[in-house]
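Here's the letter readout for the chains.
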Amino acid sequence: MPEPIIIVDDVHKSYLMGKEAVPALRGVTLNIHQGEFVCLMGPSGSGKTTLLNIIGGLDDASRGHIIVEGENLVSHTENELALLRLHKMGFIFQNYNLLANFTAQENVEAPMVLAKVGRKARKEKAVALLEKVGLGDRSHHYPSELSGGQQQRVAIARALANDPPILIADEMTGDLDSETGFAIMRLASQLNQDGMTIVFVTHDPRMAKFAGRVIELRDGKILEE
């Protein structure tokens, strides 16, 4: 079996609350292989979003190691982490995080601007990605002119802009009605079938059923799979 694309090795994370260190993760160890569709579940405060953020290089571990495609995030500088996130990970958030003054197309182009992709190439790629998520006719609309489901589709297209091998998603259907949520999860399933590794957090058991593997956390530890 090939080396895992993500290795979480004995990861601990504590946050300071006043003078007291409050543990969020307590020795989590986990391997995720290329092409897996992994769901992290657990009650509020279980550590699932903290773990997701550490895997994505958005937060650092207090102890332990995170290795993504052979790179140990613990030893990376902020600039190195930013480059890794830009090229190796796509991020989708519950509240979409779109730029309000940018059109759908401009939002999708934004990561390619950071990656120094030429204007013509990034425009063509953005148009193609919006077509892929079913929004080819909304490319010049602003976020305020789009429904929640449409905004999330723009966010997915943006996450795919630099062809990352890994997609990180935190409650990507949390603000959506059930029908729209299922449509978003079917889109994620198609991306996974195309070979993308996906790690996502949800509190909804119906959405978790789309995953090939469900990992439950409780009190900062993996409870069961």
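From a predicted model like this one, the values you see are computed outputs, not experimental measurements.

K.L.:
Tell me about the packing of aromatic side chains, and please be specific about residues and values.
P.N.:
One pass over the structure, following the stated rule, counts 3 aromatic pairs. Aromatic side chains Phe91 and Phe93 sit 6.2 Å apart centroid to centroid with 5° between the ring planes, which places their arrangement in the stacked category. Residues Phe182 and Phe210 carry aromatic rings whose centres are separated by 6.1 Å and whose planes lie at 40° to one another, so their mutual orientation is tilted. Pair noted here: Phe182 is in helix α6 (residues 178–193) and Phe210 is in the loop between α7 (205–208) and β9 (213–218), with a separation of 28 residues, a long-range link. Judged by relative accessible area, Phe182 falls into the partly exposed class, the value being 24%.

K.L.:
Residue-level account of unusual backbone geometry, with values.
P.N.:
Positioned with a positive phi, Glu69 is a non-glycine residue whose angle comes to about 50°. You can see Glu69 is positioned in the loop between β4 (63–68) and β5 (71–72). A relative accessible area of 37% places Glu69 in the partly exposed class.

K.L.:
An account of the layout of surface pockets is needed here, citing residue identities and associated values.
P.N.:
Left-over empty space is what a probe sized like a water molecule reveals as it rolls over the atoms. Of the pockets and cavities examined, the largest pocket occupies roughly 480 Å³. What lines the largest pocket is a set of 20 residues, and nearest its centre among them are Arg85, Leu86, Phe91, Pro111 and Leu114. Of all elements in the fold, only α2 (78–88), β6 (89–93), α3 (104–114) and α5 (148–159) reach the threshold of two or more residues within the lining of the largest pocket. In terms of residues, the lining of the largest pocket owes the most to one element, α2, which gives 5 residues. Grouping the constituent residues of the lining of the largest pocket by class yields 13 nonpolar, 5 polar and 2 charged.

K.L.:
I'd love a proper account of the pattern of salt bridges, names of residues and values included.
P.N.:
All told, the structure shown has 11 salt bridges when counted by the stated rule. The salt bridge involving Lys120 is made with Glu124; its shortest N-O contact spans 2.7 Å. One end of the pair, Lys120, and the other, Glu124, are both in helix α4 (residues 119–132), 4 residues apart, so they sit about a helical turn from each other. For Glu124, a relative accessible area of 47% puts it in the partly exposed group. Arg206 is the partner of Asp204 in a salt bridge, and the nearest nitrogen-oxygen pair spans 2.8 Å. Using a relative accessible area of 38% as the deciding quantity, one classes Arg206 as partly exposed. Via salt bridges that share partners, Lys13, Asp59 and Asp60 belong to a single interconnected network.

K.L.:
So what's going on with the sheet that holds strand β1 (residues 6–17)? Which residues, and what values?
P.N.:
A sheet is described by the order of its strands in space; here 4 strands give the open sequence β2-β1-β4-β5, paired in antiparallel fashion. Pairing within the sheet leaves two strands with one partner each, and these edge strands are β2 (20–32) and β5. Sheet topology note: the β1/β4 ladder contains 5 bridges and is antiparallel. Paired with Ile7 across the bridge in β4 is Ile67. Contacting β1, β2 and β4, helix α1 (residues 48–55) runs over the sheet at an angle of about 120° to β1.

K.L.:
Lay out α2 with the relevant residues and their values.
P.N.:
Considered for burial, the residues of α2 that qualify are Leu81, Leu84, Arg85, Leu86 and Lys88. On the buried face of α2, the contacting elements are β5, β6, α3 and β7 (166–170).

K.L.:
Explain the environment of Ala155 to me, using residue names and the numbers behind them.
P.N.:
Mapped onto the elements of the fold, Ala155 is located in helix α5. Looking at Ala155, the relative accessible area reads 0%, which means it is buried. Taking the C-alpha atoms as reference points, Ala155 and Phe93, separated by 62 residues in sequence, lie 8.0 Å from one another. Apart from the residues within four sequence positions on either side, Ala155 is in contact with Phe91, Ile92, Tyr96 and Leu98.

Rules behind the numbers
- Residues numbered from 1 in each chain as written.
- Predicted model: local features only at pLDDT ≥ 70, side-chain atom pairs only at ≥ 80, totals over all residues.
- Heavy atoms only, no water.
- Phe/Tyr/Trp six-rings, centres within 6.5 Å; stacked < 30°, edge-to-face > 60°.
- Helix = DSSP H or I, 4+ residues; strand = E, 2+ residues; numbered from the N terminus.
- Buried < 20%, exposed > 50% of the residue type's maximum accessible area, 1.4 Å probe, protein only.
- 1 Å grid on protein atoms, 1.4 Å probe; cavity = no way out; pocket = protein on both sides within 12 Å on 5 of 7 lines; lining within 4 Å.
- Points joined across faces, edges and corners; volume = space filled by probe spheres on them.
- Nonpolar A, V, L, I, M, F, W, Y, C, P; charged D, E, K, R; others polar.
- Salt bridge = Lys/Arg side-chain N within 4 Å of Asp/Glu carboxyl O.
- Pairing = 2+ DSSP bridges.
- Contact = heavy atoms within 4.5 Å.
- Axes fitted to C-alpha atoms, helices over the stretch in contact; angles between N-to-C directions.

Limitation: the analysis is restricted to geometry and does not speak to function.
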